[in-house]
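Chain residues, written in single-letter form:
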Amino acid sequence: MEGTIFNPCLEGMKHVRSDEGEMLTKPFLDVCKLVLPVIDKFGAAMALVKTDVGGNISRLENKYSRNPSEFNLLYSMVRVEIEAKTAKSSSSCTNGLLWLTRAMDFLVELFRNLLEHPDWTMSQVCNDSYNKTLKKFHGWLASSSFTIALKLAPDRKKFMEVLGDSSDIQADMEKFCSTFSPLLEENHRFLDSVGLDNLKAS
């Protein structure tokens with residue numbers, strides 16, 4: 001395979017915006033899907049994240065596939081749910097987009113920590129990323145499950161080898177973080193503008 005495990009994501013991100021600069025539903029979800037093989041490399045530690053991400057992608061894809069032209073733009077699903085007063089429901093696409101974005105925030109933070117703190121152990125990397133991103137939105141149960149799962153994180157050196165430790169992987173990881181972050185921030189800005197960025201796990 002050409003390039004690193006991040007390559008497909010980097011390629012996909014080039015197509016996430018419409019010509020008018022708006023976020024497109026399918027390309028955004030495709031990029032999130034392309035992150036799944038990267039999550040796989042963590043093994044059991046990220047099983048919860050993977051299930052969560054996969055579930056939220058499916059929920060949004062199902063809605064999109066029912067009416068691709070109506071839901072071509074990512075935020076159109078949220079607007080429809082706000083109109084129908086179903087946005088805050090735990091099974092809404094709004095909730096799906098919010099948690100998908102948060103899980104991706106966590107992963108971006110994790111890769112950033114790997115790059116910026118070469119001396120940290122994997123559990124330091126994971127815990128710091130979790131505390132900065134998901135923890136404040138998780139209830140006690142989700143938080144406990146997550147903390148236990150992160151204890152299963154692979155040894156840092158092994159993980160980097162599995163990713164394909166090379167100067168390319170570092171460069172691509174950096175590029176992934178710097179390209180994906182603004183897209184995630186845009187999701188938060190939009191959700192915040194409609195008062196839906198702070199929903200907690202039920």
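Look a little higher up for the structure.
Let me begin by describing the structure that accompanies this report. Note that the coordinates shown come from a computational prediction; the quantities given were computed from them, not determined experimentally.

## Observations concerning the packing of helix 2 (residues 25-40) against helix 3 (residues 47-66)
So, step 1. Two numbers describe how helix 2 lies on helix 3: the axes approach to 10 Å, and their chain directions differ by 160°. It follows from the interaxial angle that helix 2 and helix 3 lie roughly antiparallel. The way helix 2 lies across helix 3 gives a crossing that is left-handed. On helix 3, the residues that touch Thr25, Lys26, Leu29, Asp30, Cys32, Lys33, Leu36, Ile39 and Asp40 of helix 2 are Val49, Lys50, Val53, Ile57, Leu60, Glu61 and Tyr64.
So, step 2. Looking at the contact of helix 2 with helix 3, its residues break down into 9 nonpolar, 1 polar and 6 charged.

## Description of the side chain of Glu186
So, step 1. Position of Glu186 among the secondary structure elements: in helix 9 (residues 167-193).
So, step 2. When near neighbours in sequence (up to four residues on either side) are disregarded, Glu186 contacts Arg17, Gly21, Met23 and Tyr75.

## Quick look at helix 3
An α-helical segment advances 3.6 residues per turn. Residues three or four places apart therefore align on the same side.
So, step 1. The end-to-end C-alpha distance of helix 3 is 29 Å, a good match for the 28 Å that 20 residues give at a rise of 1.5 Å each.
So, step 2. Those residues of helix 3 that fall on the buried side of the exposure criterion are Val49, Val53, Asn56, Ile57, Leu60, Lys63 and Tyr64. When helix 3 is viewed along its axis, its buried side chains cluster within an angular range of 130° and face the same direction. Exposed and facing more than 90 degrees away from the buried side of helix 3 are Thr51, Ser65 and Arg66.
So, step 3. At its buried positions, helix 3 is contacted by helix 2, helix 4 (74-83), helix 5 (93-116) and helix 7 (140-150).

## Quick look at the packing of aromatic side chains
So, step 1. For the structure on display, the rule yields 9 aromatic pairs.
So, step 2. Note on Phe6 and Phe176: the rings are 5.3 Å apart at their centroids and 40° apart in plane angle, and the pair reads as tilted. With a gap of 170 residues between them, Phe6 in the segment before helix 1 (7-13) and Phe176 in helix 9 connect regions that are remote in the sequence.

## Quick word on the environment of Met160
So, step 1. Along the polypeptide, Met160 turns up in helix 8 (residues 156-163).
So, step 2. Residue classification places Met160 among the buried positions, given a relative accessible area of 7%.
So, step 3. Taking the C-alpha atoms as reference points, Met160 and Trp120, separated by 40 residues in sequence, lie 13 Å from one another.

## Focus on unusual backbone geometry
So, step 1. Although it is not a glycine, Lys85 sits at a positive phi angle of roughly 60°.
So, step 2. Looking at the secondary structure, you find Lys85 in the loop between helix 4 and helix 5.
So, step 3. The class for Lys85 is exposed, based on a relative accessible area of 74%.

## Quick notes on the environment of Val31
So, step 1. Within the secondary structure, Val31 sits in helix 2.
So, step 2. Val31 gets classed as buried once you look at its relative accessible area, which sits at 0%.
So, step 3. Ignoring anything within four residues of it in the chain, the contact list for Val31 reads Cys9, Gly12, Met13, Val16 and Phe180.

## Things to note about the pattern of salt bridges
So, step 1. Applying the stated criterion across every chain, the model contains 11 salt bridges.
So, step 2. The salt bridge partner of Lys33 is Glu61, with a shortest N-O separation of 2.5 Å. A residue pair is termed long-range when its members are at least 10 positions apart, and Lys33 in helix 2 and Glu61 in helix 3 qualify at 28 residues.
So, step 3. One continuous salt-bridge network, built from bridges that share partners, spans Glu109, Arg112, Asp128 and Lys132.

Each value, and the rule that gives it
- Position labels on residues start from 1 in each chain and follow its written sequence.
- The predicted nature of this model means local features are confined to residues of pLDDT at least 70 and side-chain atom pairs, given and counted, to a pLDDT of 80 or more, with totals for whole chains, interfaces and linings taken over all residues.
- Derived side-chain values reflect all non-hydrogen atoms in the structure, with water molecules and hydrogen atoms excluded from consideration.
- In this description, a line fitted to the C-alpha atoms serves as the axis of each element, helices being fitted only across the stretch in contact, and the angle between N-to-C directions of two axes falls anywhere from 0 to 180 degrees.
- A run of H or I in DSSP counts as a helix once it spans at least four residues, and a run of E counts as a strand once it spans at least two, with each numbered from the N terminus.
- The scheme is simple: roughly parallel for angles under 35 degrees, roughly antiparallel for over 145, roughly perpendicular for 65 to 115, oblique for anything else.
- Definitions for this section: a left-handed crossing has its near helix turned counterclockwise from the far helix by less than a right angle. A right-handed crossing has that turn clockwise.
- Throughout, a residue-residue contact means that at least one pair of heavy atoms, one from each residue, lies within 4.5 Å.
- Here the nonpolar group is Ala, Val, Leu, Ile, Met, Phe, Trp, Tyr, Cys and Pro; Asp, Glu, Lys and Arg are the charged ones; every other residue, Gly included, is treated as polar.
- The span one expects for a helix is its residue count, reduced by one, times 1.5 Å.
- The buried label applies to any residue whose accessible area, calculated with a 1.4 Å probe on protein chains only, is under 20% of its type's maximum; exposed applies above 50%, and partly exposed to all values in between.
- When we speak of the arc, we mean the arc of directions from the helix axis to the C-beta atoms.
- Only rings of Phe, Tyr and Trp enter the pairing, Trp through its six-membered ring, and a pair is recorded when the two centres are within 6.5 Å. The plane angle decides the type: under 30 degrees is stacked, over 60 is edge-to-face, the rest tilted.
- Salt-bridge detection follows one rule: a side-chain nitrogen of Lys or Arg within 4 Å of a carboxyl oxygen of Asp or Glu.

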